[in-house]
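Examining the three-dimensional arrangement
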Amino acid sequence: MSYNHQHIEKKWQQRWEAAKIFQAKDSGGKKFYCLIEFPYPSGAGLHIGHPRSYTALDVMARKRRMQGMNVLYPIGWDAFGLPTENYAIKTGRKPQEVTIENIATFKRQLQSLGLSFDWSREVNTTDSAYYKWTQWMFLQFFKAGLAYKAKQPINWCLSCKIGLANEEVVNGKCERCGGDTEKREKEQWMIAITKYADRLLEDLDTVDYLEKIKTQQRNWIGKSEGVEIGFEVPLLAKEGSGEVLKIFTTRADTIFGATFLVISPELAKKWIDVGWHASDTVRNYVQESLGRAEMDRTNAEREKTGVDTGVLAINPANQKEIPIWVADYVLGNYGTGAIMAVPQHDERDRAFAMKFGLPIVDEPLVPVDEVIKKVGGKKTVKYKLRDWVFSRQRYWGEPIPLVWCEEHTWVAVPDAQLPVVLPDVDKYEPTDSGESPLASIGSFVNTTCPTCGGPAKRETDTMPNWAGSSWYFLRYIDPKNDRAFADPDKLKHWMPVDLYNGGNEHTTLHLLYSRFWNKFLFDQGHVPTSEPYARRHSHGLVLASDGTKMSKSKGNVVNPDEIVSEYGADALRMYILFMGPFEEPVPWSLNGLIGVRRFLDRVVRYVEGWKEQYVKHSEEHDELVAPYLEKVSTDIEAFKFNTAVSSFMSLFKELTAEVVDRQNPEVFIPPYVSDSMMKKILISLCPFAPHVANECWEMIGEKGFVEEQPWPELSRSLLVRESVEIGVQISGKTRGTIHLSPNATQQEAIEILNLGRPINTPTAHIGTEHSNIWKHLDGKTIVKIIYVPGRILNIVVK
RNA sequence: GGCCGGAUGGCGGAAUUGGUAGACGCGCGGGACUCAAAAUCCCGUAUGGGCAACCAUGUGAGGGUUCGAUUCCCUCUCUGGCCACCA
């Protein structure tokens, strides 16, 4: 017999909704803010991987509620972005419409899983009532001088026709579409995240993130401490580029081994621009390097290239003349764009020196402080982290709320005029020129200057989709507020997020951006905590059954709708938790899912049998149950959902194994537990399989929702075992077992084996309980006995 | 090249962090029920030997520490992820 999942899941979902039992209260109680990364509602619908994170935190949220906490577990939509825009262009529709449809699909799919989200707080980044505040926050950056416009080379995706942040370029390819990128000069809005580099780094010590997440953030920020040292360049002095070339090094102690300098092509270009008479070879090399795609340039495997500039510098340590080369292995946007090359100590410099026949010399190492004393130089700190390119030349994003006035340059749109609404138009294709599509909409562009009232033009770039996701956790706290992004008292009540779970792919970008964003708001006095997330966990991917990534093109995508309709939400929820360790990638298995469904059927059958049984209040089997429920509880806390599920399975394996009925010895019945233990089982099961748990709850005659019950406390008397089985080893090899109290003494353990009894022949013990142990003791002398109560008895013999 | 992780039956994975390796699930083999099938239930299932009791081997490879090692140390192989010419 199999329960009717379609019927019961619909029934309980409707009841939960009607009773509003998952709505968070903005005051009172011990709060627990539990956050999942809100999904991007793509046209493909929910991915089977989404429920992994959502179900795990759903278990956590449900447990916390039953533990009496006031839980906020919200959901929303990160809906701006390229895939939707591209899809809309392809199908000749509007992104607005497509987004509405996609959200509806996602919402239906998520609701079918019985997740305990507080749907009354749903947010949508593309809603003007939401992005009004995204724009407002951008203006706070602008007013604080942290948003600035800069002409600089950006990564341009040839296929998406969009400027990308450094973080969005992967091996020279666009992170979104995998297409080629090239460098282009473009005026971009930038946000000075690097001003927060130190705090983003240091404050990692104050939060509870998985260690690997902290390490990744640290590496991404890439702080390195070194020294800037000036090398005199007599020729440059003549040609007007300044007479000193500054280099950055973390190994100032090796300066005596610096046999040449290398400048980046970018720096060479600057020299040329200010009048340096470079040779044609140099000019050609520089031009070629700068046009080269990022991928070629930053490939470490590639053989080094470079040319001699013919310019000489003086090593301040020993006054020797050394040549300056230009080579593209030196990056223009890190350090000073120039290095001192020490082939003796640096692998890259050595490779370069070997290739071009430059001298490699052994040298004395001199402590950094002495070097600085001798040659000058300034201790400095450099970061790999770059400022955040905040402009996108696309339609489907938040308009940047600034106005250009000839008189007053960039002027912020006044708060009262926010939001600057994205115009609803038919034509919004990106342009090859790199201009935002909004630039061609006259009614949008032409406006008046908020300062002087004169004619002015709006900024036409839009924000990256990291913008809306950088602060959504704040909006959940007060989603309908139209006077502020959230009420300060409510923020104080809920912040920080107590538990944030998401994918590893967001460890460097989203996590860093949103920490930065929150820190800035904190500095401005708008949020109560410096760090937004007290604790961060991550989950592994759900792979296809062959162990590869699921992808449409490979046709190995699992559709959650089909799973829910055929096997039920509870089976999906429990299977996805059961399939493997939460943080590891795990392949999908339909058979595994079917196994979980069988387990749920077994649960329902047991409860049905239990209900019809005349003996209900016997507690004789309760102690069987307690350790399993205890394990479920501790496993949830440790994010070990897979073993929590197997604990339930083990429990029901025991509960459905038939035993002799003591009152009626001819009859075999399962070990039916007491009323109160039955309830505890269902309460513990509820976070995992809420529909089944509630259905069983009703079946046994209880009223209301399981969710309204307190989380079970298991009395110690039920958890303490009277007798345990431990292994008996002879010289480290297990030869048998004995049963004894977990705190029995060594003397008692030995007495069980009757070791005092003389041994004549091994055969004398055949048939006795411990004959095998005796057999291995025969003829040997006991050297040592190791006894660990409740664990092991090891008799070492000679 | 850097950082972080892995490697355990036919498969996904357990193992109280040094204490009976293989829990739980899948798959497979056998049986019960059935006219039959499905569903369900029971038994078995690391490998080799043995009817069995048991014995030997066994957690990527090789060493080491220990009464005892999947767990700790050293050397090596393979492998996943992220970053990558960052001075």
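Refer to the preceding data block for the structure.
In this report, we go over the structure that sits alongside the text. Residue numbers restart at each chain and count upward from 1, following the sequence in its written direction. Labels are handed out in written order, letters beginning with A for the chains and numbers beginning with 1 for the ligands. Since the coordinates come from a predicted model, pLDDT governs what is reported: local features require at least 70, and pairs of side-chain atoms require 80 or more to be given and counted, while whole-chain, interface and lining totals use all residues. Water and hydrogen atoms were dropped before computing side-chain values, which therefore reflect all heavy atoms in the structure.

Section: the overall build of chain A
- The helix and strand inventory of chain A stands at 28 helices and 32 strands.
- Summarising its shape, the C-alpha atoms of chain A cover approximately 110 × 75 × 50 Å along the three principal directions.
- Taken across its 798 residues, chain A has 53% of its residues classed as buried.
- Look at the contacts in chain A between residues 6 or more apart in sequence, and 73% of them connect residues 24 or more apart.
- For the area figures, the Shrake-Rupley method with a 1.4 Å probe applies, and any residue is considered shielded solely by the protein chains shown. Entry remark: accessible area of chain A is about 35,400 Å², with carbon and sulfur atoms responsible for 50%.
- Treating the 96 positive side-chain charges of chain A as one cloud and the 103 negative ones as another, the clouds have centres 1 Å apart. Starting at the N terminus, helices and strands are each numbered in turn, a helix being any DSSP run of H or I of at least four residues and a strand any DSSP run of E of at least two. Partly exposed describes any residue whose relative accessible area lies between the buried limit of under 20% and the exposed limit of over 50%, with all areas from a 1.4 Å probe on protein chains only and scaled to the type maximum. Two residues qualify as a contact provided that any one of their heavy atoms is within 4.5 Å of a heavy atom in the partner residue. His is not counted here, nor are the chain ends, while Lys and Arg score as positive and Asp and Glu score as negative. In plain terms, the charge of a residue is placed at NZ if it is Lys, CZ if Arg, CG if Asp and CD if Glu.

Observations regarding the pairing of strand β24 (residues 535-539)
- Taking burial as the measure, the five residues of β24 include four buried ones, the bulk of the element.
- By this definition, two strands are paired if DSSP reports at least two bridges between them. Pairing between strand β10 (residues 208-209) and β24: two bridges, direction parallel. Pairing of Tyr209 across the sheet is with Arg536, part of β24.
- Handedness of a crossover is defined as follows: orient the strands so they point away from the viewer, and if the path from the first strand over the helix to the second runs clockwise, the crossover is right-handed. Traced from strand β23 (residues 499-503) through helix α18 (residues 510-523) to β24, the parallel crossover comes out right-handed.

What to know about the sheet that holds strand β30 (residues 733-740)
- Reading across the sheet, the four strands line up as β30-β29-β32-β31 and stay open at both edges, with mixed pairing between neighbours. The open sheet is flanked by β30 and β31 (782-788), the only strands paired with a single partner. If you compare each strand with its neighbour and ignore which way they point, the axes differ by 20 degrees on average.
- In terms of strand pairing, β31 meets strand β32 (residues 792-797) through six bridges, oriented antiparallel. Residue pairing across strands places Tyr787 opposite Leu793, the latter belonging to β32. All axes here are fitted lines through C-alpha atoms, helices being fitted over the stretch that makes contact, and every angle between N-to-C directions spans 0 to 180 degrees.

Details of the sheet that holds strand β22 (residues 455-458)
- Read from one edge to the other, the open sheet built from four strands follows the order β20-β19-β22-β21, with strand pairing classed as antiparallel. Two strands lie at the open edges of the sheet, namely β20 (409-412) and β21 (446-448), each paired on one side alone. Within this sheet the neighbouring strands show an average axis-to-axis angle of 45 degrees, counted without direction.
- Where β21 and β22 come together, three bridges link them in antiparallel fashion. Bridge pairing links Thr447 to Ala456 in β22.
- Lying on the sheet, helix α5 (residues 128-143) is in contact with β19 (402-405) and β20; it crosses β20 at an angle near 130 degrees.

Considerations on the packing of aromatic side chains
- Aromatic rings from Phe, Tyr and Trp, with only the six-membered ring used for Trp, were paired whenever their centres fell within 6.5 Å, and each pair was classed as stacked if the ring planes differed by under 30 degrees, edge-to-face if by over 60, and tilted otherwise. A full pass over the atoms with the stated rule returns 51 aromatic pairs.
- When the centroid spacing of 6.0 Å and the interplanar angle of 70 degrees are considered together, the rings of Trp12 and Phe705 count as edge-to-face. In this pair, Trp12 is assigned in helix α1 (residues 5-19) and Phe705 in the loop between α25 (690-699) and α26 (716-719), connecting sequence segments 693 residues apart.
- Judged by relative accessible area, Trp12 falls into the buried class, the value being 1%.
- With a centroid separation of 6.4 Å and an interplanar angle of 70 degrees, the aromatic rings of Trp388 and Phe516 are classed as edge-to-face. Of the two residues, Trp388 is situated in strand β18 (residues 388-389) and Phe516 in helix α18; the sequence distance between them amounts to 128 residues. For the pair Trp388 and Phe516, one class covers both residues: buried.

Some points on the pattern of salt bridges
- Salt bridges, as used here, are contacts in which a Lys or Arg side-chain nitrogen is within 4 Å of a carboxyl oxygen on Asp or Glu. Within the structure shown, the criterion is met by 42 salt bridges.
- The closest approach of N and O atoms between Glu637 and Lys63, which form a salt bridge, is 2.6 Å. Remark: Lys63 occurs in helix α2 (residues 50-66) and Glu637 occurs in helix α22 (residues 622-637); sequence separation between them is 574 residues.
- You can call Glu637 partly exposed: its relative accessible area is 30%.
- For Lys63, a relative accessible area of 2% gives the class buried.
- Arg515 is the partner of Glu531 in a salt bridge, and the nearest nitrogen-oxygen pair spans 2.7 Å. Taken together, the positions of Glu531 in the loop between α18 and β24 and Arg515 in helix α18 put the pair 16 residues apart, joining distant regions of the chain.
- Overlapping salt bridges, with partners in common, bring together Asp26, Asp118, Arg121, Asp478 and Lys490 in one network.

A look at unusual backbone geometry
- With omega at 0 degrees, the peptide bond leading from Leu418 into Pro419 counts as cis.
- Examined against the element boundaries, Pro419 turns out to sit in the loop between β20 and α14 (442-445).
- The step from Met495 to Pro496 runs through a cis peptide bond, and the omega angle for that step is -5 degrees.
- Here the phi dihedral of Thr409 falls at roughly 50 degrees; this positive angle occurs in a residue that is not glycine.
- With respect to the helices and strands, Thr409 occurs in strand β20.
- Its identity is not glycine, yet Phe639 carries a phi of approximately 60 degrees, on the positive side.

Examining the nonpolar core
- Note on terminology: a nonpolar core comprises buried Ala, Val, Leu, Ile, Met, Phe, Trp, Tyr and Cys residues joined through side-chain atoms within 4.5 Å. Within the largest apolar cluster, 96 residues are counted, with the highest numbers of intra-cluster contacts made by Met574, Trp588 and Phe688.
- Per-element accounting of this core gives the leading share, nine residues, to helix α21 (residues 590-612).
- Each residue touching Phe688, except ones within four places of it in the same chain, is listed here: Val59, Asp570, Arg573, Met574, Leu577, Val632, Ile636, Ala644, Val645 and Phe648.
- The next biggest cluster of nonpolar side chains, apart from the first, holds 84 residues, and it includes Leu200, Ile400, Trp517 and Tyr533.

Section: helix α4 (residues 95-111)
- Take the number of residues in a helix, subtract one, and multiply by 1.5 Å to get its expected span. Between its first and last C-alpha atoms α4 spans 24 Å; for 17 residues at 1.5 Å apiece the expected length is 24 Å, and the two agree.
- Among all positions of α4, only Pro95, Val98, Thr99, Asn102, Ile103, Phe106, Gln109 and Leu110 are buried. All buried residues of α4 project into a common sector of 130 degrees when viewed along the axis, lining one side. Throughout, the arc means the angular range of directions from the helix axis out to the C-beta atoms.

Observations concerning the side chain of Lys519
- Within the element layout of this structure, Lys519 appears in helix α18.
- On the accessibility criterion, Lys519 (0% relative accessible area) is buried.
- Side-chain atoms alone can form a polar contact between residues adjacent in sequence; in general such a contact is a pair of N or O atoms within 3.5 Å, and within protein one must be able to donate a hydrogen while the other accepts it. There is a polar contact of 2.5 Å between the side chain of Lys519 and the side chain of Asp203.
- In this structure Lys519 touches Tyr196, Arg199, Leu200, Asp203, Ser530 and Glu531, once residues within four positions along its chain are discounted.

Focus on the packing of α2 against α22
- Between α2 and α22, the least distance of the axes is 10 Å, while the angle of their chain directions is 120 degrees. The two elements α2 and α22 meet at a crossing, and its hand is left-handed. Contact with α2, carried on its side by Val59, Met60, Lys63 and Arg64, involves Ser633, Ile636 and Glu637 of α22 and no other residues of that element.
- Three categories are distinguished: nonpolar for Ala, Val, Leu, Ile, Met, Phe, Trp, Tyr, Cys and Pro, charged for Asp, Glu, Lys and Arg, and polar for the others, with Gly belonging to the last. For the contact of α2 with α22, the per-class residue count stands at three nonpolar, one polar and three charged. In this scheme, a crossing is called left-handed if the near helix is turned counterclockwise away from the far one by less than a right angle; it is called right-handed if the turn is clockwise.

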